[in-house]
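The primary structure of each chain is shown beneath.
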Amino acid sequence: FYGVLTPYRSKILNDFVEGVNVPQNLTNIYLNVNYVFLWNMHGSQLDEFIGRSKIILNLNPYEGECRQQQTRIFYTLINNKCVLSEKNKINYYGDMITEFSGVQDMFNKIIDLLENDKWKTYTNNNFEQYSKKLVHEGEQMFAHLLNESN
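Fair warning: this is a prediction, and the values are worked out from it, not measured in the lab. (Residues numbered from 1 in each chain as written. Predicted model: local features only at pLDDT ≥ 70, side-chain atom pairs only at ≥ 80, totals over all residues. Heavy atoms only, no water.)

Visitor: Tell me about the pattern of salt bridges, and name the residues and values.
Guide: Pairs may arise between side chains of opposite charge once their charged atoms sit close together. Counted by the stated rule, this structure contains 7 salt bridges. Linking R52 and E48 is a salt bridge whose minimum nitrogen-to-oxygen distance equals 3.2 Å. Here R52 and its partner E48 are both found in helix 3 (residues 43-52), 4 residues apart, which amounts to about one turn of the helix. Among the residues examined, R52 registers a relative accessible area of 57% and is labelled exposed. (Salt bridge = Lys/Arg side-chain N within 4 Å of Asp/Glu carboxyl O. Helix = DSSP H or I, 4+ residues; strand = E, 2+ residues; numbered from the N terminus. Buried < 20%, exposed > 50% of the residue type's maximum accessible area, 1.4 Å probe, protein only.)

Visitor: So what's going on with the pairing of strand 2 (residues 82-86)? Which residues, and what values?
Guide: The buried fraction of strand 2 amounts to 5 of the 5 residues, a majority that puts the element mostly inside the structure. Handedness of the strand 1 (residues 55-58)-helix 4 (residues 70-78)-strand 2 crossover: right-handed. The sheet contact formed by strand 2 and strand 3 (residues 98-100) spans 3 bridges and is parallel. Bridge pairing in strand 3 links S85 to E99. (Right-handed = clockwise from strand over helix to strand, strands pointing away. Pairing = 2+ DSSP bridges.)

Visitor: Any chance you could break down the nonpolar core for me, citing the residues and the numbers?
Guide: Among the nonpolar cores identified, the biggest contains 24 residues, and F16, I55, L57, L59, L84, M106 and I110 are the most heavily contacted of them. Among the elements that make up this core, the one with the highest residue count is helix 5 (residues 103-115) (7 residues). Dropping the residues within four chain positions of it, M106 is found in contact with I12, F16, L57, L59, L84 and F100. (Core = buried A, V, L, I, M, F, W, Y, C linked by side-chain atoms within 4.5 Å. Contact = heavy atoms within 4.5 Å.)

Written out as structure tokens, the structure is:
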């Protein structure tokens, strides 16, 4: 995770580190995961951490916000990263990201993504998928403008 550590985000991260129910068969995976929480870091330093990450965690800044942070997610997608995001009212990125609801679900999805290297399927496909999405939306907008001008 990177970003401003609001009280809401701090609570989620603290609950995750200290309060999840780790099944016995997943203890080894849980204990061997490196968690990095960054704030007040920008530019090449931030890019270095993003580049080394398997999963980027996207958290809403405030409880109940439920508004997807498109700029934050976009930056990680164009850098071919797996994004795990809090569930929002509208998911503009579809299956290019994984969404979770609650700390235990976040834990379960992190383990699922790490267990068989599923996170790699996102990193290999995100940029290509997003490029196709932009082209498709651009074509639709162009067709709409042509129809309006006729």
